[in-house]
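# Examining the three-dimensional arrangement
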Amino acid sequence: MGRNIAFIDSGIGGLSIFNATRKILPNEDYIYYADNANMPYGQLNREQLQKIALKIIDTLLDNYDIKMFVIACNTLTANAIDYLREVYPRMPFIGCEPNVKQALKENSGNTLVLMTPSSFACNRISDRLHCKRTIFMPIRELAILIEEEADDKIIINSLKKELSSIKESFSSVVLGCTHYSLKIDLLKDFFCLPVYDGVAGTARHIKELNAVNQSLVNSGYTSSSIILSRPDPAKYIRYANIVFNGKKI
Ligand code: DGL
């Protein structure tokens, strides 16, 4: 059985799930793979995303001992996880999906689901989720601005523009992209509504599946490695500060 739990995202977004998982599974070995060379995933099509995912998985499997992949990216989950499970039937894959269920359960009225254009274009989400009272909304810029550490004012102005076409009312918001979770407090202030993401749920799911697979490590040392698909020292330091120095994302 492999040793590492490997996380994949286009950039910084999946780090919230990565850190939440490290907290509840403190003795595991981890790899965080950020595909900054191909960011933004939200503007690629399904075929491109499947090709990219396959290449990353093959590279990681060739170089590391891996027991589970976490697709810490809603866009890659929507477009590629079914395909990856077919290609690697014995490897456990965990993905992220918008937490629509909880938003609908806890609130009456519509819920607004923010997502990248390629998650929006992919029917997997609307097919799988309960779609009543759900407004799916593609957002072009938000993930890129968050990756680039844009100022909060710039983020909010861009979001206002992108949301100006919505006619329906809504009483809650669901974050359907892991990058957005990094700005959940800002988004709560902006919408003044309950805002949901899937960070804690995905981390719990990782723990449960490892327990079911009897692959939990309960004692000993832990290690975490960060890999960027395109070397970028400044970005590496930013990520490392979040992972190793507990810096706020
Ligand atoms: N973090 C990714 C997601 O959850 C996508 C960001 C991007 O567009 O690369 O959808």
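Our structure is the block above this text.
Before going into details, it helps to say that this report is about the structure given with it. (Residues numbered from 1 in each chain as written. Predicted model: local features only at pLDDT ≥ 70, side-chain atom pairs only at ≥ 80, totals over all residues. Heavy atoms only, no water.)

Using the criterion set out here, one finds nine aromatic pairs in the structure. Grouped by ring-pair contacts, the aromatic residues Phe7, Phe18, Tyr30, Tyr32 and Tyr239 constitute a single cluster. (Phe/Tyr/Trp six-rings, centres within 6.5 Å; stacked < 30°, edge-to-face > 60°.)

With that settled, consider the environment of Phe170. Within the secondary structure, Phe170 sits in the loop between helix H8 (152–163) and strand E7 (172–176). On a C-alpha basis, the gap between Phe170 and Phe244 in space is 39 Å, while along the polypeptide they are 74 residues apart. Those residues within four positions of Phe170 in sequence are excluded, and the remaining contacts are Asn110, Thr111, Leu112, Ile135, Phe191 and Leu193. (Helix = DSSP H or I, 4+ residues; strand = E, 2+ residues; numbered from the N terminus. Contact = heavy atoms within 4.5 Å.)

Glancing now at the state of the cysteines. The full count for this structure, using the stated rule, is zero disulfides. Note on Cys73: no disulfide assigned, nearest cysteine sulfur contributed by Cys177 at a separation of 6.6 Å. Unpaired in terms of disulfides, Cys122 finds its nearest cysteine sulfur in Cys73, a separation of 12 Å. We classify Cys122 as buried; its relative accessible area is 3%. (Disulfide = S-S within 2.5 Å. Buried < 20%, exposed > 50% of the residue type's maximum accessible area, 1.4 Å probe, protein only.)

Our next topic: the pairing of strand E5 (residues 111–115). Within E5, five of the five residues are buried, which leaves it mostly tucked inside the rest of the structure. Alternating positions in E5 separate into two faces, Thr111, Val113 and Met115 on one and Leu112 and Leu114 on the other, with burial throughout. Across five bridges, the pairing between E5 and strand E6 (residues 134–138) is parallel. Its bridge partner being in E6, Val113 is matched across the sheet by Phe136. Note that E5 and E7 share five bridges and pair parallel. For Thr111, the partnering residue across the bridge sits in E7 and is Ser172. (Pairing = 2+ DSSP bridges.)

As a further point, take the nonpolar core. Within the largest apolar cluster, 49 residues are counted, with the highest numbers of intra-cluster contacts made by Phe7, Leu114, Leu163, Tyr180 and Ile206. The contacts of Ile206, once residues within four sequence positions are left out, are Ile5, Phe7, Ile17, Thr21, Leu25, Met68, Val70 and Ile94. (Core = buried A, V, L, I, M, F, W, Y, C linked by side-chain atoms within 4.5 Å.)

Note that all results are geometric; they support no functional claim without further evidence.
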